[in-house]
Amino acid sequence: MNKLTIPLLATLTALALTSGVALAGSKDVVVENAWARASIGGNRPGAAYMTIHNTGDEAVMLTGLATPLSMMSEIHETTTNSDGVSSMAPASKITIAPDKRVELAPGGLHVMLMGLQGPMTEGDSFPLALSFSDGGKITVVVPILGIAARGPEG
Amino acid sequence: MRRRAALGYGAAALGAMGLTLFVGWWRVDGPGAPEPPGRLPLKLTEMDFRLTDHEGQRVGPETLVRRPTMVFFGFTFCPDVCPTTLSDISGWLDALGKDTAQMNVIFITVDPERDTVEAMAEYVSYFHPAIRGWTGAQDQIARAAEGFRATYERVPIDGGDYTMNHTASVFLFDAAGGFVSMIDYHEPREFAVPKIRRALEEGTEGAT
């Protein structure tokens, strides 16, 4: 090897290492089957669902949600107790373990869209940005299905 | 002296035993007994409340007698559980087909402040046409919930808004107004549909 290739290799290795670090975490997150329910008018809160898949080998934490469609978006969780009483409350921070999926589905975790800027109309879609603990951000386009939809297929 | 002491101890022991038994009775069967956790809904004929359906008609429990009935509580500002329940019920009704023509399917709001007759009318129009929406005065909603042994509670959320915690089970009654069974929230269709069939069958027997 000549004098030039050694520092070059070193630089390349360093680059590969740092980009490798940057690639871990939220870069390995894939959002699958996102969908939302149409709202009745713009006064009621809306709900969106999806599966967040961490394909990497480091846990990632979902720290925030944002969409131009609503003033405030939060992960909420519906729980039903042994007396059959359902309640809904903001969920604590969601951590997705390596190689795991977290499912946001009706009757459990969901994105609660509060302060809608307009009605959510069936057939439309909207962008939703998910922020993660490592500073990464993923934006997904969420299709709006009918109000009676039960899953991503309608 | 010794005998007297022994007698004294004996009496004290008996007294302690008696007290223990009494305390036990008080807490298990007596006035101190806890409310049974799963109190059953009253018969529809024993309930008393006045509400308005989504078409503006005056309704009450007597509206439901003579046909099998399915009742559930919710509110239209509920983004997750309520549309899911209404959607589930719509699916059950589709699976039951024409048998549901002879059934009452009633959605009673626990949030009459926001759920006006018009709001209920618009909301139910998105689901199975058999589903009817009932609303009314706060005290009448409270009386209805008491009859069904359902509970609800207003919970403030950020920004001055509020949400409602509420019983999410579906109550089934036969045509005579007697309580048959309950479908829990998120119970799979293969359990829900036979329960509804049973209410329908008991209803038919009751009517003949």
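Residues numbered from 1 in each chain as written. Chains lettered and ligands numbered in written order. Predicted model: local features only at pLDDT ≥ 70, side-chain atom pairs only at ≥ 80, totals over all residues. Heavy atoms only, no water.

Notes on the overall build of chain B
Within chain B, the secondary structure is distributed over 5 helices and 9 strands. Along chain B, helices (α) and strands (β) appear in the sequence α-β-β-β-α-β-α-β-α-β-β-β-β-α when read from the amino end. With an accessible surface of roughly 10,700 Å², chain B has 57% of that area assigned to carbon and sulfur atoms. (Helix = DSSP H or I, 4+ residues; strand = E, 2+ residues; numbered from the N terminus. Areas by Shrake-Rupley, 256 points an atom, 1.4 Å probe, with all protein chains shown as cover.)

Re the overall build of chain A
What chain A contains, in helices and strands, is 1 helix and 10 strands. Scanning chain A from its N terminus toward the C terminus, one meets helices and strands in the order α-β-β-β-β-β-β-β-β-β-β. Split into buried and exposed, the 154 residues of chain A put 45% on the buried side. Contacts spanning at least 24 positions in sequence make up 68% of the contacts within chain A whose residues lie at least 6 apart. (Buried < 20%, exposed > 50% of the residue type's maximum accessible area, 1.4 Å probe, protein only. Contact = heavy atoms within 4.5 Å.)

Comments concerning helix α2 (residues 81–96) of chain B
With 16 residues, α2(B) should reach 22 Å at 1.5 Å per residue; the first-to-last C-alpha distance of 22 Å fits that figure. Here α2(B) lies mainly inside the structure; 14 of its 16 residues are buried. (Expected span 1.5 Å × (residues − 1).)

Some thoughts on the UniProt feature "binding site: Cu cation" (unreviewed entry) in chain B
Residues and elements named next belong to chain B. Residues given the UniProt feature "binding site: Cu cation" (unreviewed entry) here are Cys78, Cys82 and His166. Annotated residues spanning 89 residues; largest pairwise C-alpha distance 10.5 Å, indicating a single compact cluster. Within the fold, Cys78 resides in the loop between β3 (69–74) and α2. According to the relative accessible area criterion, Cys78 is buried, its value standing at 6%. For Cys78, the contacting residues outside a window of four places in its chain are Pro83 and Tyr123. In this fold, His166 is placed in strand β7 (residues 162–167). (UniProt positions renumbered as here; feature names shortened; annotations may be inferred.)

Re the pairing of strand β6 (residues 152–156) of chain B
All names here are of chain B. Relative to β7, β6 is paired through 5 bridges, and the arrangement is antiparallel. Looking across to β7, one finds that Glu153 is bridged to Asn165. Linkage of β6 to β7, two consecutive antiparallel strands, is achieved through a turn of 5 residues, within which Gly159 is found at a positive phi near 85 degrees. (Pairing = 2+ DSSP bridges.)

Brief notes about the pattern of salt bridges
Throughout the structure, instances matching the rule amount to 11 salt bridges over all chains. Across the salt bridge formed by Asp88(B) and Arg150(A), the nearest N and O atoms sit 3.3 Å from each other. Linking Asp88(B) in helix α2 with Arg150(A) in the segment after β10 (137–145), this pair reaches from one chain into another. The class of Arg150(A) is partly exposed, set by a relative accessible area of 40%. Put simply, Arg154(B) and Glu113(B) hold a salt bridge, and the shortest N to O gap is 2.9 Å. One end of the pair, Arg154(B), is in strand β6; the other, Glu113(B), is in the loop between β4 (104–109) and α3 (117–124), with 41 residues separating them in the sequence. Exposure remark for Arg154(B): the relative accessible area of 47% places this residue in the partly exposed category. (Salt bridge = Lys/Arg side-chain N within 4 Å of Asp/Glu carboxyl O.)

Some remarks on the pairing of strand β1 (residues 29–37) of chain A
For a regular strand, side-chain orientation follows a simple rule: the groups alternate between the two sheet faces. By the bridge criterion, 6 bridges tie β1(A) to strand β2 (residues 46–54) of chain A in an arrangement that is antiparallel. The partner of Ala36(A) across the bridge, within β2(A), is Ala48(A).

Looking at the packing of aromatic side chains
Residues and elements named next belong to chain B. Enumeration according to the criterion identifies 11 aromatic pairs over all chains in this entry. Look at Phe73 and Phe171: their rings are 6.4 Å apart centre to centre, the planes differ by 80 degrees, and that puts the pair in the edge-to-face class. Pair noted here: Phe73 is in strand β3 and Phe171 is in strand β8 (residues 170–173), with a separation of 98 residues, a long-range link. The two residues Phe73 and Phe171 agree in class, both being buried. Their ring planes at 80 degrees and their centres at 5.5 Å tell us that Phe148 and Phe173 sit as a pair that is edge-to-face. One end of the pair, Phe148, is in helix α4 (residues 138–148); the other, Phe173, is in strand β8, with 25 residues separating them in the sequence. Each of the two residues, Phe148 as well as Phe173, counts as buried. Here the aromatic cluster, defined as three or more aromatic residues joined through ring pairs, consists of Phe49, Phe73, Trp134, Phe148, Phe171, Phe173 and Phe179. The ring centre of Phe77 lies 4.2 Å from the NZ or CZ of Arg114, which sits over that ring. The ring of Tyr162 has Arg114 lying over it, and the distance from NZ or CZ to the ring centre is 3.8 Å. (Phe/Tyr/Trp six-rings, centres within 6.5 Å; stacked < 30°, edge-to-face > 60°. Lys NZ or Arg CZ within 6 Å of the ring centre and 35° of its normal.)

Looking at the interface of chain A and chain B
Tallying the contact residues gives 29 residues for chain A and 29 residues for chain B. The contact between chain A and chain B buries some 2,200 Å² in all, and 57% of this surface belongs to carbon and sulfur atoms. The interface formed by chain A and chain B contains 1 salt bridge. Every element with two or more residues in the side of chain A that touches chain B is listed here: β2, β4 (70–80), β5 (85–90) and β8 (109–116) of chain A. Direction of pairing for β5(A) relative to β7(B): antiparallel, over a ladder of 2 bridges. Bridge pairing in β7(B) places Ser86(A) opposite His166(B). (Buried area = accessible area lost by both parts, 1.4 Å probe.)

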